[in-house]
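Per-entry structural report
Listed below are the residues making up each chain.
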Amino acid sequence: MKKYRKLIIAAIIALVFIGTFVFLWQKSQPKEIVYNEFTPEMNEVKKTTIITGKIEPRNEVNVKPQISGIITELLKEPGDYVQAGEIIAKVKVIPDMAQLSSAESRVRLADLNLQQAKIDYEREKNLYDQKLVSADEYDKIAQQLKQAKEELLASEDALQVVRDGVSKSNAKASSTLIRSTISGVILDIPVKVGNSVILSNTFNDGTTIASVANMNDLIFRGNIDETEVGQLFNGMPMKITIGALQDLKFDASLEYISPKAVESNGANQFEIKAAVKLTEGGKIRSGYSANAEIVLAHVQKTLTIPESAIEFSGDSTFVYVITGKGAQKKYERRQVTTGLSDGVNIEIKKGLSTKDKVRGPEIITDDKKEE
């Protein structure tokens, strides 16, 4: 029994050795190289570029106060639609002490002048009634009295405006009522009740009460690389895709190309703007990120092959045309003239026909991947 057991073990070892040898021998043998094969086809080729940007209103207006003060009431919220002239907020005036003192002084002076003008008028009227002064002299004194009355009214109005922000004579146009200057949607109200606001002047832009824009007139704004900007022209159609809205798409028309480049990440880029054509029911918000697809060049019904079948050598391009079949299969290197490429397929202007078959890249098997 021991003798048979030794023979069985020896036979197993021999089989393992022979199997390993055969496996290594097979692995060492050169494998046949297999290539993809393509037949030229008539297709269309589009060269496109994708520009990243955002959607924004063409005109966005910042509504600012005409006086300095404190917000006492906000009548609108972001997202509300307002008509031009509609009240957005109310402001309580905090008067400037120097201006208040000056306005009060003006009222007192105007009152003194009026009292003197009344005395002069009464004196002149008595003389006129007695035929002691001419009508011309009398009219001048009467005119001075009228001017003194108007000056007092004007000074009182000015005092009310400085003190309260509104006067009796201009209550409808009160500067304490912040009104929208355009019709549109309120995008933002960056202030709260109780916030101090200041009017715009030479040294300050003033406090923004609200941002209002017409959301029916939107534009796409983005930047394009300097290598592609030369192929653009005004009126060029574009496709705008907004990823945040389940890839919602809109048509657009290019209307502005910046004459000056800006540097971005080490590359020169030019700003572009395109008018977005909204569809009915398409609700867009300001600031959405979007992609614009522009067709830079387009060729219809042209002979094409996959670009991976092209061999580039300097300024020349070649393909390998398949001749023969089976064991007689050969590859003939042939120069071709190429045209437009979309990154996948390339136009063949000269050198091939639909009857030819060309060699593509090598087919990578699992064995080669493991190697």
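Structure: above.
This is a predicted model, so every value here is computed, not measured.

Counting its regular elements, the protein contains five helices and 20 strands. Per-residue burial over the protein gives 30% buried out of 371 residues. The contacts in the protein between residues at least 6 apart in sequence include a share of 71% that link residues at least 24 apart. Entry remark: accessible area of the protein is about 24,200 Å², with carbon and sulfur atoms responsible for 51%.

Moving on, we come to the pairing of strand E15 (residues 289-306). Strand direction decides the pairing type here: strand E2 (residues 41-57) and E15, joined by 13 bridges, are antiparallel. Among the inter-strand pairings, Thr52 is bridged to a residue of E15, identified as Asn291. With three bridges joining them, strand E12 (residues 237-242) and E15 adopt antiparallel strand pairing. Each bridged residue has a counterpart across the sheet, and for Thr241 the counterpart in E15 is Asn291. Alignment of E15 against strand E19 (residues 345-350), held across three bridges, turns out to be antiparallel. What sits directly across from Pro306, in E19, is Asn345.

Further remarks concern the nonpolar core. Core analysis: the biggest nonpolar cluster contains 26 residues, and Ile55, Phe220, Leu232, Met238, Ile240, Ile272 and Ile294 have the highest contact counts within it. Listed by contribution, the elements that provide at least two residues to this core are E2, strand E11 (218-225), E12, strand E13 (248-264), strand E14 (267-277) and E15. If we skip the residues at most four places from it in the chain, Met238 touches Phe220, Phe250, Asp251, Ala252, Leu254, Ile272, Ala274, Ala292, Glu293 and Ile294. The next biggest cluster of nonpolar side chains, apart from the first, holds 16 residues, and it includes Val63, Ala89, Val191 and Val212.

A negative phi holds for most residues other than glycine; trans holds for most peptide bonds. Phi angles above zero are rare outside glycine, and Asn265 is one such case at about 55 degrees. For Asn265, the location among the structural elements is in the loop between E13 and E14. On the accessibility criterion, Asn265 (84% relative accessible area) is exposed. In this model, Lys301 sits at a positive phi of 50 degrees, which is unusual for a non-glycine residue. Among the structural elements, Lys301 can be located in strand E15. Relative accessible area serves as the criterion here: at 74%, Lys301 is assigned to the exposed category.

The next point concerns the sheet that holds strand E9 (residues 196-197). Strands sit in the order E7-E6-E4-E9 across an open sheet of four strands; the sheet is antiparallel. Each of the sheet's edge strands pairs with one partner strand only, and the pair in question is strand E7 (177-179) and E9.

Conventions adopted
- Residues numbered from 1 in each chain as written.
- Predicted model: local features only at pLDDT ≥ 70, side-chain atom pairs only at ≥ 80, totals over all residues.
- Heavy atoms only, no water.
- Helix = DSSP H or I, 4+ residues; strand = E, 2+ residues; numbered from the N terminus.
- Buried < 20%, exposed > 50% of the residue type's maximum accessible area, 1.4 Å probe, protein only.
- Contact = heavy atoms within 4.5 Å.
- Areas by Shrake-Rupley, 256 points an atom, 1.4 Å probe, with all protein chains shown as cover.
- Pairing = 2+ DSSP bridges.
- Core = buried A, V, L, I, M, F, W, Y, C linked by side-chain atoms within 4.5 Å.

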